[in-house]
Amino acid sequence: MSKFRPRITREEFEIVAQYRAIKNKSNELGLDEKDVKHGWLKTKDASLFFKNPSFGSDFDIKNIDFKALIENAPKLEIEPRKKRSFNGLFDKLVFTDVHIGMDASDKGRNMYNVEWTETILFERLTQMISYTLEKQNSDTLYILDLGDFLDGFNGQTTRGGHALPQNMSNQQSFDIGFMFKVRLVQALAPYYKTIEIRNICNDNHSGDFSYFVNQAFKHYIERELNNVHVTNQTAFIDYQIIGNYCFVTTHGKDTHNLKFGFKPKIDPAQINKIMGYLNTKQLLNKGYEIMFEKGDSHLYLFDSASSDAFKYHNYPALRPYRDWE
C-alpha cells in the first residue's frame, strides 16, 4: 500500500506547520476564526496569500431553527400510493450537481433564458420523487447525492478564487438545501422499509458547506425516522457494497487539488488510477460487479466498454445550463 501513499515534501510540511502556528496564535489572542480576514504562508520557495472563506459571512449554523424550516418548507404534491409487494433487491435514486443558489441567468446576461429558483427546484424535486415511486420495485432504497449540492459560499466556490453569480445568500442556500433533503426523504420514507443515503461532501463547488447541510440533515432525519440512515462521504473516492454490486463513488473533482477531474470519457491514465484504487481496497477478483459513479461533467454517459474491470457512469446535473455550457 505504501507505493500509493504520496510523500509530503519538507516545503509542504513547513506550510502546514505555519498554518497551525497562525491558528494557534489567533486562539492565544482570543480571536475567533471568522475575525481573521486573510494571511500569508511563506517558505523559501513560495509566498502564498490565503483568504478565510468564513470572514464576513452571514451564515451561522448555531442560529438555524430546523423546526421552523420544515414547517415553512414548500409542500410537495405527491400522489398517495398503496403499498405493494416487490421482488427487486433494491431501488436506487441518484442525483448530482443541484447547485442550489446558482443564478443561472446571471441577472439576465446569459445566453440561455433560464432561472434556477426555489420554486423551480422544488418542482423538480416533486418530479424526481414521483418518478421514483412510479418505478419502485423494492422495499429498500439507496439515495446517492454525487456532490456540488450547493453552488458556492460567499459568492465563490468553497475553494475560493472563482466568482459565481448567485441568487441566494449563504443562509438561504443552507435553508433550502436542508429542506430539499428533508422533503425528499419525508415523501419516500412511508413507501420503503429501509432508506440508505450517501451524500458526497468532497467536491469543487460546495465542499464543507454541503457537509454542514448534510450533517445537520443526518442528525435531524435519523432522529425523526428510524428507517433512514445517512452517510456523509468526505473522502474523494469511497465505495459501498450492496449484494454482489460494488459502487465506487466520487464527485469527479475534489475540494482542494484537482482543476481537471475525471473526464466524461475515461482515458487510459484515469483507468489506471481507478484500478490502483480498486487494488488498494482489495475489491478486484471478488466477483463484484463494479460501477464507478461520478457527477461533475453534467453529462449522461454510461460506459461499459472502456474497462474490463468496472463500468464508468456519468450522471447529468439536476440544475439547468449555465451560460458557457
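Residues numbered from 1 in each chain as written. Predicted model: local features only at pLDDT ≥ 70, side-chain atom pairs only at ≥ 80, totals over all residues. Heavy atoms only, no water.

## Regarding the overall build of the chain
Then step 1. Helix and strand counts for the chain come out as six helices and 11 strands.
Then step 2. Of all intrachain contacts in the chain linking residues separated by at least 6 positions in sequence, the fraction that spans at least 24 positions is 73%.
Then step 3. Total accessible area computed for the chain in this model is approximately 18,000 Å², and 51% of it derives from carbon and sulfur atoms. (Helix = DSSP H or I, 4+ residues; strand = E, 2+ residues; numbered from the N terminus. Contact = heavy atoms within 4.5 Å. Areas by Shrake-Rupley, 256 points an atom, 1.4 Å probe, with all protein chains shown as cover.)

## A word on the sheet that holds strand S11 (residues 311–314)
Then step 1. Pairing in this open sheet of five strands is mixed, and the strands run S7-S8-S9-S11-S10 from one edge to the other. A strand with exactly one partner marks an edge of an open sheet, and here the two such strands are strand S7 (238–242) and strand S10 (301–303). For this sheet, the mean inter-axis angle between neighbouring strands, taken without regard to orientation, is 20 degrees.
Then step 2. When S10 meets S11, the two strands line up antiparallel, connected through three bridges. Residue pairing across strands places leucine 301 opposite asparagine 314, the latter belonging to S11. (Pairing = 2+ DSSP bridges. Axes fitted to C-alpha atoms, helices over the stretch in contact; angles between N-to-C directions.)

## Observations regarding the packing of aromatic side chains
Then step 1. Going through the model one piece at a time under the given rule, you end up with 15 aromatic pairs.
Then step 2. Between phenylalanine 90 and phenylalanine 247, the ring centres sit 6.2 Å apart and the planes meet at 85 degrees, which makes this aromatic pair edge-to-face. Of the two residues, phenylalanine 90 sits in the loop between helix H2 (66–71) and strand S3 (91–95) while phenylalanine 247 sits in strand S8 (residues 245–249), which places them 157 residues apart along the sequence.
Then step 3. By way of ring pairs, the aromatic residues Phe236, Phe262, Phe292, Phe310 and Tyr312 are connected into one cluster.
Then step 4. For the cation-ring pair, lysine 92 lies above phenylalanine 247, with the distance from its terminal atom to the ring centre recorded as 3.4 Å.
Then step 5. One cation-aromatic arrangement involves lysine 181 over phenylalanine 149; the distance from NZ or CZ to the ring centre is 4.1 Å. (Phe/Tyr/Trp six-rings, centres within 6.5 Å; stacked < 30°, edge-to-face > 60°. Lys NZ or Arg CZ within 6 Å of the ring centre and 35° of its normal.)

## Considerations on the nonpolar core
Then step 1. In terms of nonpolar packing, the biggest core is built from 47 residues, with Ile129, Ile143, Phe178, Leu184, Leu188 and Ile195 touching the most fellow members.
Then step 2. Elements supplying a minimum of two residues to this core: H2, S3, helix H3 (118–134), strand S4 (140–145), helix H4 (170–188), strand S5 (194–200), helix H5 (207–224) and strand S6 (228–233).
Then step 3. Top contributing element to this core by residue count: H4, with 10 residues.
Then step 4. When near neighbours in sequence (up to four residues on either side) are disregarded, phenylalanine 178 contacts Phe66, Leu69, Ile70, Val213, Ala216, Phe217 and Tyr220.
Then step 5. Membership of the second largest hydrophobic core comes to 14 residues, among which are Cys246, Val248, Leu283 and Phe310. (Core = buried A, V, L, I, M, F, W, Y, C linked by side-chain atoms within 4.5 Å. Buried < 20%, exposed > 50% of the residue type's maximum accessible area, 1.4 Å probe, protein only.)

## Let's talk about the sheet that holds S5
Then step 1. The parallel open sheet is built from four strands, whose spatial order is S3-S4-S5-S6. Edge positions in the sheet fall to S3 and S6, since each has one partner strand and no second. Neighbour-to-neighbour, the strand axes of the sheet open up by a mean angle of 15 degrees, direction not taken into account.
Then step 2. Sheet topology places S4 next to S5; six bridges connect them, and they run parallel. Bridge assignment links leucine 141 to a residue of S5, and that residue is isoleucine 195.

## Let's talk about the packing of H3 against H4
Then step 1. At their nearest, the axes of H3 and H4 sit 10 Å apart, and the two run at 25 degrees to each other. On the basis of their axis angle, the class for H3 and H4 is roughly parallel. The handedness of the crossing between H3 and H4 comes out as right-handed. Residues Glu118, Leu121, Phe122, Leu125, Met128, Ile129, Thr132 and Leu133 of H3 lie in contact with H4, whose contacting residues are Ile176, Met179, Phe180, Arg183, Leu184, Ala187 and Leu188. (Parallel < 35°, antiparallel > 145°, perpendicular 65-115°, else oblique. Left-handed = near helix turned anticlockwise from the far one by under 90°.)

## Concerning the confidence of the model for the chain
The predicted coordinates ought not to be read in detail in places where the model reports low pLDDT.
Then step 1. Mean pLDDT over the chain: 82, with 74% of residues reaching 70 or higher.
Then step 2. Residue range residues 1–8 is modelled with pLDDT below 50. Its contacts to residues more than four positions away, or to other chains, number six contacts. (pLDDT = per-residue confidence, 0-100.)

## Quick notes on the side chain of threonine 126
Then step 1. Relative to the helices and strands, threonine 126 is located in helix H3.
Then step 2. For threonine 126, a relative accessible area of 16% puts it in the buried group.
Then step 3. Contact partners of threonine 126, with chain neighbours within four places excluded, come to Leu76, Glu77 and Ile78.

## Observations concerning the pattern of salt bridges
Then step 1. Going through the model one piece at a time under the given rule, you end up with nine salt bridges.
Then step 2. Across the pair lysine 263 and aspartate 267 runs a salt bridge, and its minimum N-O distance is 2.7 Å.
Then step 3. Here lysine 263 falls in the partly exposed class, since its relative accessible area comes to 40%.
Then step 4. Judged by relative accessible area, which is 18%, aspartate 267 ranks as buried. (Salt bridge = Lys/Arg side-chain N within 4 Å of Asp/Glu carboxyl O.)

## Focus: the packing of H4 against H5
Then step 1. Where H4 contacts H5, the two axes come as close as 10 Å, and the packing angle between them is 40 degrees. Our classification of the angle between H4 and H5 gives oblique. The way H4 lies across H5 gives a crossing that is right-handed. On H5, the residues that touch Asn170, Ser173, Phe174, Gly177, Phe178, Lys181, Val182 and Val185 of H4 are Phe209, Phe212, Val213, Asn214, Ala216, Phe217, Tyr220 and Ile221.
Then step 2. Looking at the contact of H4 with H5, its residues break down into 11 nonpolar, four polar and one charged. (Nonpolar A, V, L, I, M, F, W, Y, C, P; charged D, E, K, R; others polar.)

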